Amino acid sequence: MAFEGLADRLQKTMQKIRGKGKVTEADVKEMMREVRLALLYADVNLKVVKDFIKKVSERAIGQEVMKSLTPGQQVIKVVKEELTELMGGEQSKIAVSPKPPTVIMMVGLQGAGKTTTSGKLANLLRKNYNRKPLLVAADIYRPAAINQLQTLGKQLTMPVFSLGDQVSPVEIAAKAIEHAKAEHHDYVLIDTAGRLHIDENLMDELKNIKEAVKPDEIFLVVDAMTGQDAVNVATSFNDQLGITGVILTKLDGDTRGGAALSIRAVTGKPIKFVGMGEKMDALEPFHPERMASRILGMGDVLSLIEKAQANVDEEKARELEKKMRSASLTLDDFLEQLSQVRNMGPLDDLIKMLPGANKIKGLNNLKIDEKQIAHVEAIIRSMTKEEKEHPEIINASRRKRIAKGSGRTVPEVNRLLKQFEEMKKMMKQMNNMTKKGKKKGGFKLPFM
Ligand SMILES: Nc1nc2c(ncn2[C@@H]2O[C@H](COP(=O)(O)OP(=O)(O)OP(=O)(O)O)[C@@H](O)[C@H]2O)c(=O)[nH]1
Ligand SMILES: [Mg+2]
């Protein structure tokens, strides 16, 4: 999972300052030391780290923060804003040519993921933007390269343009565009060859293709797992060829995430998409702000669990945490939790601590007062054991029976079930975000 170590470290640091009503310069300095270490451990470029710390420190020690009523939170807000800025600020969208087709060249080193990403991008363009892409096999050097793209094309039922491996890539690209015009394709994705290292032959060929087809986008595909090397590769390609954006692949396997944080600052070119797995749907638009939230936003879960542990019976808290982490919570646990939670303080406050809680409709409306808790308890108590463990079996007639049994209405039963469902969904997300490298591929970005 990307940003694992960084997220952990930053959250611990944020935790210390979050609730503070008074923040001193020394506090900020201490915090910045930790943030600096966290970023360096995440393999973020040294100069980028320095600039970042300088900016955040200046703002954090400034009036806007120190004079505010919640300085601790303000510092965190500043860190989040600067992290967002570091990754490019606004989301950078894919080009659309006013004169179709929009031509995209995929370039990069061997094994970075160009071919796979070409397939994924075509898939995403069709699925989410309702486009009609054409894939172009312009890697004539690696044996089976053309075959690989054709196989992906078959799998996606996406057309692949190929002239075999006896025609030059420049000619293939040019002919592909003629073909795309005739067939009314609105995107052309040219999958080019990779090399082990950046060499003159590769660059010359790419420059020739660029000259011939005048692409709207040149996407450099880089492997996030290579960390600083990815940043160096991006710099070279940008200097020599000129790229319009970066696609960072294998972010599912990169636990540090340093490349994602450095590339924009070092090259000035935005990350446009990130690859999160090998499957054809594992490509996502890159949202700097969401990414920053993800990196910083998990601390609330920790504090919630801490709070639970402080107030609830130790063993039960451990059990609850385990269940929350595995999202295997049943309605019975929920009931148990409700009574525990009564001892923990105002519920509204607790719910606000859940990450993303403010974005989840059901939870936002969940203004619980004691009476409502009693209602919820009554509803759950009217369920059978099986229903509590497998709420998905609760159909319309069961809902009616439960409502009757608890003296509540069917809409109330519906609402409870929906909220419970949403809570479980959220727990799954939390679980994915906080899971410690046991399984890869858990990290998921909300789409668009
Ligand atoms: N886990 C993971 N694997 C990926 C991702 N993107 C690509 N891969 C894998 O990386 C390997 C190389 O991908 P290719 O698409 O063949 O790379 P390429 O850049 O076209 O390689 P060459 O054509 O040899 O230059 C494949 O096994 C892909 O499945 C990703 O986002 N996550
Ligand atoms: Mg390839």
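Residues numbered from 1 in each chain as written. Chains lettered and ligands numbered in written order. Predicted model: local features only at pLDDT ≥ 70, side-chain atom pairs only at ≥ 80, totals over all residues. Heavy atoms only, no water.

Identification of the chain as Signal recognition particle protein from Caldibacillus thermoamylovorans is taken from an unreviewed UniProt entry. Under Catalytic activity (unreviewed entry), UniProt gives the following word-for-word description of the chain: "GTP + H2O = GDP + phosphate + H(+)". For the chain, the Subunit (unreviewed entry) comment in UniProt is given as "Part of the signal recognition particle protein translocation system, which is composed of SRP and FtsY." (UniProt positions renumbered as here; feature names shortened; annotations may be inferred.)

Novice: If you had to explain the packing of aromatic side chains to someone new, which residues and values would you point to?
Specialist: Scanning the entire structure with this criterion turns up one aromatic pair. Positioned over the ring face of Y41 is R9, at 3.9 Å from the centre of the ring. (Phe/Tyr/Trp six-rings, centres within 6.5 Å; stacked < 30°, edge-to-face > 60°. Lys NZ or Arg CZ within 6 Å of the ring centre and 35° of its normal.)

Novice: If you had to explain the pairing of strand β5 (residues 217-223) to someone new, which residues and values would you point to?
Specialist: Most of β5 is tucked away: seven of the seven residues are buried. Side chains E217, F219, V221 and D223 of β5 all project onto a buried face; the interleaved residues I218, L220 and V222 project onto the opposite face, where all are buried too. Sheet topology note: the strand β1 (residues 102-107)/β5 ladder contains four bridges and is parallel. Bridge pairing in β5 links V107 to L220. (Buried < 20%, exposed > 50% of the residue type's maximum accessible area, 1.4 Å probe, protein only. Helix = DSSP H or I, 4+ residues; strand = E, 2+ residues; numbered from the N terminus. Pairing = 2+ DSSP bridges.)

Novice: Please give an account of the site of ligand 1 that cites residues and values.
Specialist: Around ligand 1, 20 residues are found, and the nearest of them are K114, T115, T116, D252 and E278. One nitrogen or oxygen atom from the main chain of A112 is found 3.2 Å from an oxygen atom belonging to ligand 1. Relative to its free-state accessible area of 650 Å², ligand 1 is covered by the protein chains to the extent of 82%. Sorting elements by how many residues they give to the shell around ligand 1 places helix α6 (residues 114-129) first, with four residues. Among the residues making up the shell around ligand 1, the classes are represented as three nonpolar, ten polar and seven charged. (Near = heavy atom within 4 Å. Polar contact = N/O pair within 3.5 Å; in protein donor to acceptor, adjacent residues only side chain to side chain. Areas by Shrake-Rupley, 256 points an atom, 1.4 Å probe, with all protein chains shown as cover. Nonpolar A, V, L, I, M, F, W, Y, C, P; charged D, E, K, R; others polar.)

Novice: I'd love a proper account of the UniProt feature "domain: SRP54-type proteins GTP-binding" (unreviewed entry) in the chain, names of residues and values included.
Specialist: In the numbering used here, UniProt assigns the "domain: SRP54-type proteins GTP-binding" (unreviewed entry) feature to residues 270-283. In this annotation, residues 270-283 is assigned 0% helix and 43% strand; the end-to-end C-alpha distance for the span is 16 Å.

Novice: Tell me about unusual backbone geometry, residues and numbers included.
Specialist: In this structure, the amide linkage connecting P100 to the following residue, P101, adopts the cis form with an omega of 0 degrees. With a phi angle near 45 degrees, T157 is a residue other than glycine that sits in the positive phi range. Among the secondary structure elements, T157 is positioned in the loop between α7 (145-156) and β3 (160-161). Its relative accessible area of 64% is what places T157 among the exposed residues.

Novice: Report on the nonpolar core, specifying residues and quantitative values.
Specialist: In this structure, L6, F52, I190, F237, L248, L261 and I295 are the most contacted members of the largest nonpolar core, which totals 77 residues. Counting residues domain by domain, this core receives three or more from each of domain 1 (4-86) and domain 2 (102-299). Every residue in contact with L248, bar those within four places of it in the chain, is listed here: V222, A224, A259, A260, I263, I271, F273, V274 and G275. Residues L121, A122, L149 and L156 belong to the second largest nonpolar core, which totals 23 residues. (Core = buried A, V, L, I, M, F, W, Y, C linked by side-chain atoms within 4.5 Å. Domains from an automatic or database assignment. Contact = heavy atoms within 4.5 Å.)

Novice: Any chance you could break down the sheet that holds strand β2 (residues 133-138) for me, citing the residues and the numbers?
Specialist: Strand order across the open sheet formed by eight strands is β3-β2-β4-β1-β5-β6-β7-β8, with mixed pairing between neighbours. The open sheet has two edge strands with one neighbour each: β3 and β8 (283-285). As paired elements, β2 and strand β4 (residues 187-192) share six bridges and run parallel to each other. For A137, the partnering residue across the bridge sits in β4 and is D191. Its contacts with the sheet put helix α8 (residues 169-182) on β1, β2, β3 and β4, and the angle it makes with β2 is roughly 160 degrees. Its contacts with the sheet put helix α10 (residues 228-240) on β1 and β5, and the angle it makes with β5 is roughly 155 degrees. (Axes fitted to C-alpha atoms, helices over the stretch in contact; angles between N-to-C directions.)

Novice: How would you explain helix α11 (residues 258-267) if you had to name every residue and give the values?
Specialist: In terms of burial, α11 is a largely internal element, seven of the ten residues being buried. Positive backbone phi, at 80 degrees, marks G268, one or two positions downstream of α11.

Novice: Give me the pattern of salt bridges: which residues, what numbers.
Specialist: Where charged atoms from two side chains of opposite charge approach closely, those side chains can pair. Evaluated as defined, the whole model comprises 20 salt bridges. In this structure, D51 engages K47 in a salt bridge whose closest nitrogen and oxygen atoms are separated by 3.0 Å. Of this pair, D51 and K47 both sit in helix α3 (residues 46-61), four residues apart, which is roughly one turn of the helix. A salt bridge links E389 to K385; the nearest nitrogen and oxygen atoms lie 3.4 Å apart. (Salt bridge = Lys/Arg side-chain N within 4 Å of Asp/Glu carboxyl O.)

Novice: Give a detailed account of α3, specifying residues and quantitative values.
Specialist: For α3, which comprises 16 residues, the first-to-last C-alpha distance of 22 Å matches the rise-based estimate of 22 Å (1.5 Å per residue) to within 8%. Those residues of α3 lying buried are V48, V49, F52, I53, V56, S57 and A60. Taken around the axis of α3, the buried residues stretch over an arc of 155 degrees, which confines them to a single face. Of the exposed residues in α3, those oriented more than 90 degrees away from the buried face are K47, K50, K54 and E58. Turning to α3, the residues buried within the fold contact α2 (25-41), α4 (63-66), α5 (71-86) and α11. Its side-chain oxygen 2.9 Å from the backbone nitrogen of K47, N45 forms the N-cap of α3. (Expected span 1.5 Å × (residues − 1). Arc of directions from axis to C-beta.)

Novice: How would you explain the side chain of T102 if you had to name every residue and give the values?
Specialist: Within the secondary structure layout, T102 lies in strand β1. For T102, a relative accessible area of 1% corresponds to the buried category. In terms of polar contacts, T102 uses its side chain to reach the backbone amide nitrogen of S97, at 2.8 Å. The residues contacting T102, other than those within four sequence positions of it, are A95, V96, S97, D186, Y187, V188 and D216.

Novice: I'd like a description of the packing of α8 against helix α9 (residues 200-213), backed by residues and values.
Specialist: Their axes nearest at 9 Å, the elements α8 and α9 cross at an angle of 25 degrees. Between α8 and α9, the angle falls in the class roughly parallel. α8 and α9 meet at a crossing whose hand is right-handed. Side by side, α8 and α9 meet where P169, V170, A173, A174 and I177 of the first sit next to E205, N208, I209, A212 and V213 of the second. In terms of residue class, the contact of α8 with α9 is built from eight nonpolar, one polar and one charged. (Parallel < 35°, antiparallel > 145°, perpendicular 65-115°, else oblique. Left-handed = near helix turned anticlockwise from the far one by under 90°.)

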